[in-house]
Amino acid sequence: MAGQTYDRSLAFQATEATLRDVEAMLDPPPADPTPGDTCALAGSLMLCGTPTAGATARWLDSGFTSWTEGNTVGSGTLAVTPWYFVEHLGSTFPCDPADLTNNLNCKRYRITARSKDNTGGRASVMLQSIYAIQ
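Since this is a predicted model, take the numbers as computed values, not measurements.

About the criteria used
- Residue positions within a chain follow its written sequence, with the count starting from 1.
- Restriction of local features to residues with pLDDT of at least 70 applies here, the model being predicted, together with a cutoff of 80 or more for giving and counting side-chain atom pairs; totals for whole chains, interfaces and linings are based on all residues.
- In computing side-chain properties, one takes all heavy atoms of the structure into account and sets aside hydrogens as well as water.
- Here a salt bridge means any side-chain nitrogen of Lys or Arg lying within 4 Å of a carboxyl oxygen belonging to Asp or Glu.
- A helix here means a DSSP run of H or I that spans at least four residues, while a strand means a run of E at least two residues long, and both kinds are numbered starting from the N terminus.
- Any pair of cysteine sulfurs within 2.5 Å is marked as a disulfide.
- Here's how the labels work: a residue is buried when its accessible area is under 20% of the maximum for its type, exposed when over 50%, partly exposed in between, all with a 1.4 Å probe on protein chains only.

> Teacher, can you tell me more about the pattern of salt bridges here?
Two side chains of opposite charge can pair, provided their charged atoms sit close to one another. Counting across every chain of the model gives four salt bridges. For R20, the salt bridge is made with E16, and the minimal N-O distance between the two is 3.6 Å. Here E16 and R20 lie together in helix α1 (residues 2-25), a separation of four residues that amounts to about one turn. One continuous salt-bridge network, built from bridges that share partners, spans R58, E87 and R110.

Next comes the structure, spelled out in structure tokens:
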């Protein structure tokens, strides 16, 4: 049980580190991608267009193939290499949450990262964050 807890903790930490790495790659923000189901590398960042309303979420779609490797954490049998992708949610969000009507030109991105796909008996962790940038 201790080994399983350790493996889960390592998977969580690696996935969280990938979220932070990707957030850093979003500053400065890349050019807005084409809306819809397309994903492409923008530098070293896997950036997807705004999700289509009613479509299966990319992280739930077994046919989605644009997961991209993050940085490996650990070494040897303890190494965890998370995968990620970024979705552009739009560029017309309020920059000041206290004023929802002015300055509507801030961008939002949803970052999804996972540590494993439940293979090899290793712990699996998936995390998401919404990243706001002006």
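From this point, things continue past the structure.
> How should I be thinking about unusual backbone geometry in this particular structure?
Glycine aside, residues mostly have negative phi, and peptide bonds are mostly found in the trans state. The linkage connecting D27 with the following residue, P28, adopts the cis geometry, with an omega of 10°. Tracing the chain through its elements places P28 in the loop between α1 and β1 (39-42).

> How should the state of the cysteines be read in this particular structure?
Each disulfide consists of a covalent bond between the sulfur atoms of two cysteine residues. The tally for this structure, following the rule as stated, stands at two disulfides. Here C39 pairs with C48 through a disulfide, and the sulfurs are 2.1 Å apart. Between C39 and C48 the sulfur-sulfur dihedral comes to about 110°; the bridge is accordingly right-handed. With relative accessibility at 21%, the residue C39 sits in the partly exposed group. Given the relative accessible area of 0%, C48 is considered buried. Linked covalently through their sulfurs, C95 and C106 form a disulfide whose S-S length is 1.7 Å. Taking the sign of the S-S torsion, about 110° here, the bridge from C95 to C106 comes out right-handed. Pair noted here: C95 is in the loop between β4 (83-93) and β5 (106-114) and C106 is in strand β5, with a separation of eleven residues, a long-range link. The buried category is assigned to C95, whose relative accessible area is 18%. Given the relative accessible area of 2%, C106 is considered buried. With cysteine numbering restricted to those in disulfides and following the sequence, the protein has the pairing 1-2, 3-4.

These results come straight from atomic positions and should not be treated as a statement about function.
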